[in-house]
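Given next are the chains, with one letter for each unit.
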Amino acid sequence: MSSNTKIELDQLTKIFYKRNESVEAIKNISLDIEDGEFVCILGPSGCGKTTLLRILAGLETPSTGDIQIHQSESEKPLQSMVFQERGVIPWMTVEENVAFGLKMRHLPKKEIKERSDYYIKKVGLEKFAKLYPKELSGGMKQRVSIARAFANDPEILLMDEPFAALDEQNKFILQEELLNIWAETKKTVLFITHSIDEAMLLSDRILLMSSQPGQIVKEKKIDLPRPRTMESIRSNEEMAQEFVDIWQHLQKEVQGSRA
Ligand SMILES: Nc1ncnc2c1ncn2[C@@H]1O[C@H](COP(=O)(O)OP(=O)(O)OP(=O)(O)O)[C@@H](O)[C@H]1O
Ligand SMILES: [Mg+2]
């Protein structure tokens, strides 16, 4: 561990019990994440990615192993999570959803309004601020939950496939926005995706997981200058090779999990 470590996971294992069956979702995950680091997790469906994030968010307890998160002295909340689905509160409007965390912290009304308006605009929902989730599309709901996480201004952002339900254009805008916010605020980001492209565009480091029980089997540092573009990644020979390598790994794991 270095002095700059933000998150430390030591031999984390999670077993779910259902009636007489047990499912080992993740197994012996040990990992250090630096303060301000942007880490992407790639792995086959069902390998325990969401479980890992939920443990970090405090929504699930590990069966064995240790987890340590180093909090700074700030007033900021420690972590916010953008869920893969069902991340919005159905009986609250867009505005109320985004402001929810700020309200819970009893920030001044004016600041709550300013901050939530700012992020509602950033995700392109200002015309929909007064609507309820049932009046929104799936991608719009996802943007509400992204705006809420940004507005909360946590030290750690836990993002579970946040852009998967979005069209390419909104995805691109929000990737840029996330990188801007990350660069400005030096947050630590843990980001799950199924897209190798997205992981290469965003992250400092990619963690590759095996199929169930999920273990971290490979790590790739993405040493590319920022700002990055898809073109610059594609034209980089070393990255092209990394892409193939990650692709093959995932292919093998997915086939393994289907056998
Ligand atoms: N609350 C739960 N109770 C029982 N089993 C669970 C629970 N949550 C997850 N699991 C099981 O743990 C395993 C990992 O699930 P998880 O949702 O973490 O996978 P994932 O990697 O996020 O998959 P995907 O890419 O499809 O989102 C699965 O086998 C799942 O059925
Ligand atoms: Mg998941």
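Numbering of residues starts from 1 in each chain and follows the order in which that chain's sequence is written. Here the convention is simple: chains get letters from A, ligands get numbers from 1, in the order in which they are written. Local features in this predicted model are restricted to residues whose pLDDT is 70 or higher, and side-chain atom pairs enter the listing and the counts only when it is 80 or higher, whereas totals over whole chains, interfaces and linings include all residues. Here the side-chain values reflect all heavy atoms present in the structure, with hydrogen atoms and water set aside.

Draft legend 1. View of the packing of aromatic side chains. For Phe, Tyr and Trp, where Trp contributes only its six-membered ring, two rings pair if their centres lie within 6.5 Å, and the inter-plane angle classes them as stacked under 30 degrees, edge-to-face over 60, or tilted in between. A full pass over the atoms with the stated rule returns five aromatic pairs. Measuring from ring centre to ring centre gives 5.9 Å for Phe-38 and Phe-191, while their planes differ by 40 degrees; the resulting arrangement is tilted. Note that Phe-38 is positioned in strand β3 (residues 38-42) and Phe-191 in strand β7 (residues 188-192), a separation of 153 residues in sequence. Neither residue differs from the other here; Phe-38 and Phe-191 are each classed as buried. Numbered from the N terminus, helices here are DSSP runs of H or I no shorter than four residues, and strands are runs of E no shorter than two. Exposed residues in this analysis have more than 50% of their type's maximum accessible area, buried residues have under 20%, and partly exposed residues fall in between, with area computed by a 1.4 Å probe over protein chains only.

Draft legend 2. Here's a closer look at the layout of surface pockets. Of the volumes computed, that of the largest pocket is approximately 360 Å³. The definitions used throughout rest on a 1 Å grid laid over the protein atoms alone, on which a cavity is an enclosed set of points accommodating a 1.4 Å probe that cannot get out and a pocket is an open set flanked by protein within 12 Å on both sides along at least five of seven lines; lining residues are those having an atom within 4 Å of a point. Along its surface, the largest pocket is lined by 15 residues, and Gln-79, Ser-80, Met-81, Phe-83 and Asn-152 are the ones closest to its centre. Elements represented by at least two residues in the lining of the largest pocket include exactly β5 (79-82), α2 (94-104) and α4 (138-152). Grid points are joined across faces, edges and corners, and a volume is the space filled by probe spheres set on the points. The calculated volume of the second largest pocket comes to roughly 270 Å³. Lining the second largest pocket we find 13 residues, and of these Glu-168, Phe-172, Gln-175, Leu-201 and Met-230 sit closest to its centre. Looking at the lining of the second largest pocket, the elements with two or more residues in it are α5 (168-185) and α6 (196-202). Under the convention adopted here, Pro, Cys and the residues Ala, Val, Leu, Ile, Met, Phe, Trp and Tyr are nonpolar, Asp, Glu, Lys and Arg are charged, and Gly plus all remaining residues are polar. Along the lines of polarity and charge, the residues of the lining of the second largest pocket split into four nonpolar, three polar and six charged.

Draft legend 3. Summary view of the coordination of the magnesium ion (ligand 2). In this description, a donor is an N, O or S atom within 2.8 Å of the metal centre, a cutoff extended to 3.2 Å for sodium, potassium and calcium. Water is not part of the atom list, which can make sites seem incomplete. At 2.0 to 2.4 Å from the magnesium ion (ligand 2) lie its protein donor atoms, namely Thr-50 (OG1) and Gln-84 (OE1). In this pair, Thr-50 is assigned in helix α1 (residues 49-56) and Gln-84 in the loop between β5 and α2, connecting sequence segments 34 residues apart. For Thr-50, a relative accessible area of 27% corresponds to the partly exposed category. Looking at Gln-84, the relative accessible area reads 38%, which means it is partly exposed.

Draft legend 4. How the structure looks around the pairing of strand β6 (residues 156-160). Summarising burial for β6: five of the five residues are buried, a large majority. Residues of β6 alternate between two faces, with Ile-156, Leu-158 and Asp-160 on one and Leu-157 and Met-159 on the opposite face, all of them buried. Relative to β6, β5 is paired through four bridges, and the arrangement is parallel. Paired with Val-82 across the two strands is Met-159, which belongs to β6. Here, any two strands with at least 2 DSSP bridges between them count as paired.

Draft legend 5. Local environment of helix α8 (residues 237-258). Every helix has an expected span of 1.5 Å times one less than the residues it contains. Here α8 contains 22 residues, and its C-alpha end-to-end distance of 32 Å stays within 8% of the 32 Å for a straight helix at 1.5 Å per residue. Contacts were defined at the residue level, with two residues in contact if any of their heavy atoms lie within 4.5 Å. Summarising the contacts, the buried residues of α8 are in contact with β3, α6, β8 (205-209), β9 (216-221) and α7 (230-234).

Draft legend 6. Fine view of the pattern of salt bridges. Salt bridges are counted wherever a side-chain nitrogen of Lys or Arg sits within 4 Å of a carboxyl oxygen of Asp or Glu. Inspection of the entire model under this criterion finds 18 salt bridges. Two residues, Lys-110 and Glu-114, come together in a salt bridge whose shortest N-O distance is 3.3 Å. Taken together, the residues Lys-110 and Glu-114, both in helix α3 (residues 109-122) and four residues apart, mark about one turn of the helix. With relative accessibility at 63%, the residue Lys-110 sits in the exposed group. Owing to a relative accessible area of 47%, Glu-114 belongs among the partly exposed residues under this scheme. Here Lys-220 makes a salt bridge to Asp-245, at a shortest N to O gap of 2.4 Å.

Draft legend 7. Region of interest: the sheet that holds β3. Pairing within the open sheet is mixed, and its six strands lie in the order β5-β6-β7-β3-β8-β9. Two strands bound the open sheet, and with one partner strand each, they are β5 and β9. Put simply, the sheet's adjacent strands are angled 15 degrees from each other on average, direction ignored. Examined bridge by bridge, β3 and β7 share four bridges and lie parallel to one another. Within the sheet, the bridge partner assigned to Ile-41 lies in β7 and is Ile-192. To get an axis, a line is fitted to the C-alpha atoms, and for a helix only the part in contact is used. The angle between two axes follows their N-to-C directions and goes from 0 to 180 degrees. Packed onto the sheet, α5 meets β3, β6 and β7 and runs at close to 140 degrees relative to β3. Each of β3, β8 and β9 is contacted by α8, which is oriented at about 25 degrees to β8, the strand it contacts most.

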